[in-house]
Amino acid sequence: MPAELLREEFFIQGRNFEKAGEVSSEIKTILRDLGIDPPTVRRLVIVAFEGEMNVVMYAERGVLTLILTEEDIVLEIKDEGPGIEDIELAMKEGYSTASDEMREMGFGFGMGLSNMKKNADELRIESEVGKGTSVFARISLNTHG
Ligand SMILES: Nc1ncnc2c1ncn2[C@@H]1O[C@H](COP(=O)(O)OP(=O)(O)O)[C@@H](O)[C@H]1O
Ligand SMILES: [Mg+2]
């Protein structure tokens, strides 16, 4: 196990569209300040934003944990919510159960999970219907030598 350099938890309130995106922009600032290379920050922020939005849109509440090690950056997003019945279906591009109201706000294109998959080096989703969902995403850092 590589040494942990930083671990920080962020609370996400479900249904709070006013604050939606705040956690991912905070993460962007933290990673930039740490000097993580911009392309990696960009990928990580896409994963964080899509994960955060899914908690806002579908869950009651969640906690996003940012973990930086010498080798990678990990995001764990655990929520209390309805869970996902069919994860394979949810991962499909264009699949969305977003409400009309959410679509009017510009969310719910059904690309979030597939975008997370594209931008992470590793993405795992576990879910229990009626309980909640856990997303684990990892992005490798370019380690030289
Ligand atoms: N944390 C979550 N809890 C419950 N359902 C979720 C969660 N994340 C995603 N989903 C389900 O997976 C679907 C696809 O998610 P996503 O690819 O992010 O697209 P979108 O959010 O635009 O609908 C959602 O419409 C929803 O049904
Ligand atoms: Mg989404």
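Preceding block: the structure.
Residues numbered from 1 in each chain as written. Chains lettered and ligands numbered in written order. Predicted model: local features only at pLDDT ≥ 70, side-chain atom pairs only at ≥ 80, totals over all residues. Heavy atoms only, no water.

Undergrad: Tell me about the site of ligand 1, and please be specific about residues and values.
TA: What surrounds ligand 1 is a group of 18 residues, the closest being Tyr-58, Asp-79, Ser-96, Thr-97 and Gly-110. Here Leu-113 contributes a backbone N or O atom positioned 2.8 Å from an oxygen atom of ligand 1. Across the complex, the protein chains shield 94% of the 530 Å² of accessible surface that ligand 1 would expose by itself. When residues of the shell around ligand 1 are traced back to their parent elements, those giving at least two are α2 (38-58) and α5 (112-119). Per-class residue counts for the shell around ligand 1 are 9 nonpolar, 8 polar and 1 charged. (Near = heavy atom within 4 Å. Polar contact = N/O pair within 3.5 Å; in protein donor to acceptor, adjacent residues only side chain to side chain. Areas by Shrake-Rupley, 256 points an atom, 1.4 Å probe, with all protein chains shown as cover. Helix = DSSP H or I, 4+ residues; strand = E, 2+ residues; numbered from the N terminus. Nonpolar A, V, L, I, M, F, W, Y, C, P; charged D, E, K, R; others polar.)

Undergrad: I'd love a proper account of the packing of helix α1 (residues 22-33) against α2, names of residues and values included.
TA: As a packed pair, α1 and α2 sit with axes 8 Å apart at the nearest point and diverge in direction by 160°. By the criterion of interaxial angle, the relationship of α1 to α2 is roughly antiparallel. Crossing hand, α1 versus α2: right-handed. For the pair α1 and α2, contact is made by Glu-22, Val-23, Ser-24, Ile-27, Lys-28, Leu-31 and Arg-32 and by Val-41, Leu-44, Val-45, Ala-48, Phe-49 and Glu-52, respectively. Tallied by class, residues from the contact of α1 with α2 come to 8 nonpolar, 1 polar and 4 charged. (Axes fitted to C-alpha atoms, helices over the stretch in contact; angles between N-to-C directions. Parallel < 35°, antiparallel > 145°, perpendicular 65-115°, else oblique. Left-handed = near helix turned anticlockwise from the far one by under 90°. Contact = heavy atoms within 4.5 Å.)

Undergrad: Residues and numbers for the pattern of salt bridges, please.
TA: Tallied over the entire structure, the rule returns 7 salt bridges. Here Asp-121 makes a salt bridge to Arg-43, at a shortest N to O gap of 3.1 Å. Taken as a pair, Asp-121 in the loop between α5 and β4 (122-128) and Arg-43 in helix α2 lie far apart in primary sequence, 78 residues in all. According to the relative accessible area criterion, Asp-121 is partly exposed, its value standing at 42%. (Salt bridge = Lys/Arg side-chain N within 4 Å of Asp/Glu carboxyl O. Buried < 20%, exposed > 50% of the residue type's maximum accessible area, 1.4 Å probe, protein only.)

Undergrad: Before we move on, can you summarise the side chain of Glu-52 with the specific residues and values?
TA: Mapping Glu-52 onto the fold places it in helix α2. For the buried Glu-52, no salt bridge exists, and the shortest N-O distance to an oppositely charged side chain is 9.9 Å, to Lys-19. Only 2.5 Å separates the side chain of Glu-52 from the side chain of Ser-24, close enough to count as a polar contact. (Lys, Arg positive; Asp, Glu negative; His and termini not counted.)

Undergrad: Describe the packing of aromatic side chains, with residues and values.
TA: The tally for this structure, following the rule as stated, stands at 1 aromatic pair. For the ring pair Phe-17 and Phe-107, a centre distance of 6.0 Å and an interplane angle of 35° mean the geometry is tilted. Of this pair, Phe-17 sits in the loop between β1 (4-13) and α1 while Phe-107 sits in the loop between α4 (100-104) and α5, placing them 90 residues apart in sequence. For Phe-17, a relative accessible area of 23% corresponds to the partly exposed category. On the basis of relative accessible area, Phe-107 is assigned to the partly exposed category, the value being 22%. Positioned over the ring face of Phe-136 is Arg-124, at 4.1 Å from the centre of the ring. (Phe/Tyr/Trp six-rings, centres within 6.5 Å; stacked < 30°, edge-to-face > 60°. Lys NZ or Arg CZ within 6 Å of the ring centre and 35° of its normal.)

Undergrad: Residues and numbers for the nonpolar core, please.
TA: Within the largest apolar cluster, 33 residues are counted, with the highest numbers of intra-cluster contacts made by Ile-27, Leu-31, Leu-44, Leu-64, Leu-66, Ile-73 and Leu-75. Once you skip the residues sitting within four places of it in the chain, Leu-66 turns out to touch Leu-6, Arg-7, Glu-8, Phe-10, Ile-27, Ile-30, Leu-31, Leu-44, Ile-73, Val-74 and Leu-75. (Core = buried A, V, L, I, M, F, W, Y, C linked by side-chain atoms within 4.5 Å.)

Spatial relationships are all this shows, so hold off on functional conclusions.
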